[in-house]
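Okay, here's what each chain looks like letter by letter:
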4 protein chains.
Amino acid sequence: MARPLSEEKREAILEAAAELVATLGTGAPTAKIAQAAGLAEGTLFTYFATKDALLNELFLAIEAELAATMLEGYPAKAAAQARCRHMWDRFIDWAALNPMKHKAMRQLKVSDRISAESKKLGEMLFQEVKALLAQNLAGHAAKENMPDYNGAVLGALADMTLDFIARHPRKREAYKQAGFEAFWKAIAR
Amino acid sequence: MARPLSEEKREAILEAAAELVATLGTGAPTAKIAQAAGLAEGTLFTYFATKDALLNELFLAIEAELAATMLEGYPAKAAAQARCRHMWDRFIDWAALNPMKHKAMRQLKVSDRISAESKKLGEMLFQEVKALLAQNLAGHAAKENMPDYNGAVLGALADMTLDFIARHPRKREAYKQAGFEAFWKAIAR
Amino acid sequence: MARPLSEEKREAILEAAAELVATLGTGAPTAKIAQAAGLAEGTLFTYFATKDALLNELFLAIEAELAATMLEGYPAKAAAQARCRHMWDRFIDWAALNPMKHKAMRQLKVSDRISAESKKLGEMLFQEVKALLAQNLAGHAAKENMPDYNGAVLGALADMTLDFIARHPRKREAYKQAGFEAFWKAIAR
Amino acid sequence: MARPLSEEKREAILEAAAELVATLGTGAPTAKIAQAAGLAEGTLFTYFATKDALLNELFLAIEAELAATMLEGYPAKAAAQARCRHMWDRFIDWAALNPMKHKAMRQLKVSDRISAESKKLGEMLFQEVKALLAQNLAGHAAKENMPDYNGAVLGALADMTLDFIARHPRKREAYKQAGFEAFWKAIAR
DNA sequence: GATGAATGAGAATTCATTCAT
DNA sequence: GATGAATGAATTCTCATTCAT
């Protein structure tokens, strides 16, 4: 094999795409994405067959990153609420640290360029998160047997919380705290 | 600029734009919008100077419609929770009845083609909704003095609820009920 | 109706396309064709939806022109051979006068961008030519009842004759004469 | 430039190119040709400096193959007409057996990517065919001293005959016979 | 010598906007 | 005011060719 496909370049494209999709929406030009990734226009297409393929893979890459981030350092021995709080905090901190990725994700979530299949795959990436959530909410949540529902509540309130943090970055910890409390109450029995 | 002659055509353009933005995102072609409105391509531009102007006005028109809808038939004499529930129900029912408008609104909310000014104007359209909310939450809400926050929680949970309704239309009433309960608990003291 | 589609511009595009397809083959860029027609790049596509549509219409336009040319001034009262000779001469003279169109036609005939339907329509344009040919060859031709065959022989020998004329334009009349004689003998009983 | 190592690969490229040029015209991508030949994209260019070089060599290779084929098994002792008929039959049979090569040849013949020099070289490859033709037509042909002309008539009628055979493969022998007769009469005194 | 990733100049279209009718 | 043809910049994607491995 000649020069192998560089994982580094693939990452650079996804990184650049996240940045530009966050800013310009899914209409972000592939030429700009390639340029931002430090590559020639055409090179992008050796890594992603079409722009839609790129968008879908970007969506999945971000979802995978977020899902993995939420589980990192999971305090298996802590109390149920603390374990939930851990996942919440990691979501918020990740998004605060990667605002472009979070913004791109929100654009992609409402875009029709993300296929039903990608959306389903995206859901599956959060399976473990939702399983842990379900486990921790046993005895607390009103809808114990609907992990999707509780996960969606968490997601909705996290996105909302991040909007407030974006507007008042100084109050990050306060909003983070308030958001989690809202979540914890929202799903309670 | 004097108001153009036919208010009817203006409405038709906004209606068509909502439909197409919902489906195709903000990239929806003006030519298709005009056609869907039953007009010639060029005519659109006698009603809206640019596409961005149309998009911004569409955003405001939908927000205004939603805000007005939430207040319609407001049961001034009912109990506080019932009054909140009224606004919640009207939101959900409006979105279930106008899925395209709701979808368009969600696209527009995350789009950078909506100016900061439009976003601020959009906020202001919900001033009365938020004032009533504040009034009804006095004594119940944890953050009594942050009507924006409570309004945002309502919005986030409503959008989430509508996602579930979209997936399982049959369970509309159950989700509507559950969503409101989640909201009511979320913001509680 | 605003400005109507200009038949003149449509012709200009077809004319320019003939010229460029003759020279560059079906790979001739639409941008160059538009420019040669004195129009903006985009304008071409208001007259022809796609490049393939243009190519197919060009093919049919040239075939129609040739078919019509072969019939012009048809000497209905002359002898059978003279009537055939008339059509032959008009073919050769038209191609000698419109070498680009003839060359374009030859490119298009072997191209897979011309649809089966266009090819069938092209055949039909020569129906009258072939009918007259059949009529004049009655009693002379070996395959009286195969007008397609006799027409194809005429076409093949005409194209070949035009190759010689292209190489030695001075001997045009001699080749024209020789070519017809070859045809007349070829199809004879 | 020394002959590259693998004659086998060179042949494979030419074979693949014939197939793809027949199907896609001269616009056939070199990458697809290489792939069809079982080689990497870049390898093609160690055998042919440029795509035009490949196209020109392909043209000459096919012409050479056809010329050689027409002479194979030449019945030196048969009568003049039978000797001509032999060459005709071998042409038709070769094309019927190698339809892609024949189709590619027709595409290349009308393409401007084939240089004047290649066209001249192509002519020369048929020198012996034409010499034998001239010899056999002595006393029969109207244009005894124009072997190019008689050869061109043969070529034109053969291509036409092959069009009919392509459309009605069952009648191959009948068309082959009829075509030769047409040729024999066409060039007769 | 073989490989295939990298390149960037096109290629065909699309589209917001203008303006002659 | 309404129409839709005209414009040309911008967009996605292709492809011959080069060159690091």
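Each value, and the rule that gives it
Residues numbered from 1 in each chain as written. Chains lettered and ligands numbered in written order. Predicted model: local features only at pLDDT ≥ 70, side-chain atom pairs only at ≥ 80, totals over all residues. Heavy atoms only, no water. Near = heavy atom within 4 Å. Polar contact = N/O pair within 3.5 Å; in protein donor to acceptor, adjacent residues only side chain to side chain. Helix = DSSP H or I, 4+ residues; strand = E, 2+ residues; numbered from the N terminus. Nonpolar A, V, L, I, M, F, W, Y, C, P; charged D, E, K, R; others polar. Contact = heavy atoms within 4.5 Å. Buried area = accessible area lost by both parts, 1.4 Å probe. Salt bridge = Lys/Arg side-chain N within 4 Å of Asp/Glu carboxyl O. Axes fitted to C-alpha atoms, helices over the stretch in contact; angles between N-to-C directions. Parallel < 35°, antiparallel > 145°, perpendicular 65-115°, else oblique. Left-handed = near helix turned anticlockwise from the far one by under 90°. Buried < 20%, exposed > 50% of the residue type's maximum accessible area, 1.4 Å probe, protein only. Arc of directions from axis to C-beta.

## Describing the protein's contact with DNA strand F
The full set close to DNA strand F counts 36 residues, and K51(A), A2(C), R3(C), K9(C) and T30(D) are the nearest of them. Within 4 Å of the protein, atoms of DNA strand F come from sugar and phosphate in 66% of cases. For DNA strand F, a phosphate oxygen lies 2.6 Å from a polar atom in the backbone of T30(D). Listing elements by their share of the surface near DNA strand F, those giving two or more residues are α3 (44-47) of chain B, α3 (44-47) of chain C together with α2 (30-36) of chain D. Considered class by class, the residues forming the surface near DNA strand F number 15 nonpolar, 12 polar and nine charged.

## Let's talk about the protein's contact with DNA strand E
Taken together, 36 residues surround DNA strand E, and among them A2(A), R3(A), K9(A), T30(B) and K51(B) come closest. The contact atoms of DNA strand E, taken as those within 4 Å of the protein, divide so that sugar and phosphate hold 68%. Contacts to DNA strand E include K9(D), whose side-chain N or O atom sits 2.8 Å from a phosphate oxygen. Residue assignment for the surface near DNA strand E shows that the elements contributing at least two residues are α3 (44-47) of chain A, α2 (30-36) of chain B together with α3 (44-47) of chain D. Within the surface near DNA strand E, the residues separate by chemical class into 15 nonpolar, 12 polar and nine charged.

## Here's the deal with the interface of chain C and chain D
Many structure descriptions define interface size as the accessible area lost when the parts assemble. Taken together, the contacts link 25 residues of chain C with 26 residues of chain D. When chain C packs against chain D, the two sides together hide about 2100 Å² of surface, and 62% of this comes from carbon and sulfur. Summed over the three residues of chain C that lose the most area to chain D, namely V110(C), Y149(C) and K185(C), the buried surface amounts to 27% of that side. Remark: the boundary between chain C and chain D carries two salt bridges. The shortest N-O distance in the salt bridge between K103(C) and D112(D) comes to 3.4 Å. Our count for the contact surface shared by chain C and chain D stands at eight residue pairs in polar contact (both at pLDDT 80 or more). Counting only elements with at least two residues in the side of chain C that touches chain D, the list comes to α1 (7-24), α6 (99-109), α9 (147-167) and α10 (172-186) of chain C. Here the side of chain C that touches chain D takes eight residues from α9(C), the largest share from any one element.

## Quick notes on the packing of α9(C) against helix α9 (residues 147-167) of chain D
For the pair α9(C) and α9(D), interaxial distance at closest approach is 9 Å and the crossing angle is 140 degrees. Classed by the angle they form, the pair α9(C) and α9(D) counts as oblique. The interaxial crossing formed by α9(C) with α9(D) has right-handed handedness. For the pair formed by α9(C) and α9(D), the contact residues are D148(C), Y149(C), A152(C), V153(C), A156(C), L157(C), M160(C) and F164(C) on the first element and D148(D), Y149(D), A152(D), V153(D), A156(D), L157(D), M160(D) and F164(D) on the second.

## Quick word on helix α8 (residues 127-137) of chain D
Since there are 3.6 residues in each turn of an α-helix, residues three or four apart along the chain are aligned in direction. Residues and elements named next belong to chain D. Among the residues of α8, those classed as buried are V129, K130, L132, L133, N136 and L137. Relative to the axis of α8, the buried residues are bounded by an arc of 160 degrees and lie together on one face. Turned more than 90 degrees away from the buried face of α8, the exposed residues are Q127, E128 and Q135. For α8, the elements touching its buried residues are α4 (51-71), α5 (80-97), α7 (116-125), α9 and α10 (172-186). The first or second residue beyond α8 is G139, which carries a positive phi of 90 degrees.

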